[in-house]
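Reading the structure
Residues per chain, in single letters:
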Amino acid sequence: ERRERIGMLLERFGLWDARGERAGTYSRGMLQRLALCRAFLHEPSLLLLDEPFAALDDQGAELLGTELATPRTLVVAAHDPRRIEARATARLALA
């Protein structure tokens, strides 16, 4: 079941074709997508994310937005909070 979920996440985040390559050859955006796959692997009810949209292209950001729409508790640090405002129930701004 875990292998199936891994495959599903790699496919969803556009990494299926690169699954046999060493992660050291991945671009920054691909590494970010891989990190997100690891974060979502066990379907956590609580996610702590630091700049999850960093290095993602528009397609990757859209995929992440879809994943974040799944009901769960999120704590997100972001320089551009507009990307997650629609899902926020509270906001803390540090200056």
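The structure we're discussing is the one just above.
Worth saying up front: this structure is predicted, and the values here are computed from it rather than measured.

Here we take up the nonpolar core. Core analysis: the biggest nonpolar cluster contains 20 residues, and Phe13, Phe40, Leu64 and Leu68 have the highest contact counts within it. What Phe40 contacts, discounting residues up to four positions off in sequence, is Arg5, Leu9, Phe13, Leu47, Leu64, Glu67, Leu68 and Arg72.

Considering only enclosed or pocket space, the largest pocket measures out at about 620 Å³ in volume. Contributing to the lining of the largest pocket are 21 residues, with Val76, Ile84, Ala88, Ala90 and Arg91 lying nearest its centre. If one sorts the elements of the lining of the largest pocket by residue count, strand 2 (residues 73–77) sits on top with five residues. Tallied by class, residues from the lining of the largest pocket come to 14 nonpolar, three polar and four charged.

Relative to the assigned elements, Pro81 resides in the segment after strand 2. In the structure, Pro81 is positioned 12 residues away from Ala93 in sequence and 9.6 Å away in space, judged by C-alpha atoms.

Where helix 1 (residues 2–12) meets helix 2 (residues 28–40), the closest approach of the two axes is 10 Å, and the angle between their N-to-C directions is 145 degrees. For the element pair helix 1 and helix 2, the recorded crossing hand is right-handed. Along the contact surface, helix 1 presents Arg5, Leu9 and Leu10, while helix 2 presents Leu34, Cys37 and Phe40. Taken together, the residues of the contact of helix 1 with helix 2 break down into five nonpolar, no polar and one charged.

What follows deals with the packing of aromatic side chains. The full count for this structure, using the stated rule, is one aromatic pair. Judged by centre distance (6.2 Å) and plane angle (15 degrees), the ring pair of Phe13 and Phe40 falls under stacked. Highlighted residues: Phe13 in the loop between helix 1 and helix 2 and Phe40 in helix 2, separated in sequence by 27 residues. The same class applies to Phe13 and to Phe40, which are both buried. A cation sits over an aromatic face here: Arg19 above Trp16, 3.8 Å from the ring centre.

Moving on to the side chain of Arg72. Note that Arg72 resides in the loop between helix 3 (58–68) and strand 2. Buried charge Arg72 goes without a salt bridge, the closest partner of opposite sign being Glu67 at 4.8 Å. With residues near it in sequence (within four places) discarded, Arg72 still touches Phe40, Pro44, Ser45, Leu47 and Glu67.

Criteria and cut-off values
Residues numbered from 1 in each chain as written. Predicted model: local features only at pLDDT ≥ 70, side-chain atom pairs only at ≥ 80, totals over all residues. Heavy atoms only, no water. Core = buried A, V, L, I, M, F, W, Y, C linked by side-chain atoms within 4.5 Å. Buried < 20%, exposed > 50% of the residue type's maximum accessible area, 1.4 Å probe, protein only. Contact = heavy atoms within 4.5 Å. 1 Å grid on protein atoms, 1.4 Å probe; cavity = no way out; pocket = protein on both sides within 12 Å on 5 of 7 lines; lining within 4 Å. Points joined across faces, edges and corners; volume = space filled by probe spheres on them. Helix = DSSP H or I, 4+ residues; strand = E, 2+ residues; numbered from the N terminus. Nonpolar A, V, L, I, M, F, W, Y, C, P; charged D, E, K, R; others polar. Axes fitted to C-alpha atoms, helices over the stretch in contact; angles between N-to-C directions. Left-handed = near helix turned anticlockwise from the far one by under 90°. Phe/Tyr/Trp six-rings, centres within 6.5 Å; stacked < 30°, edge-to-face > 60°. Lys NZ or Arg CZ within 6 Å of the ring centre and 35° of its normal. Lys, Arg positive; Asp, Glu negative; His and termini not counted. Salt bridge = Lys/Arg side-chain N within 4 Å of Asp/Glu carboxyl O.

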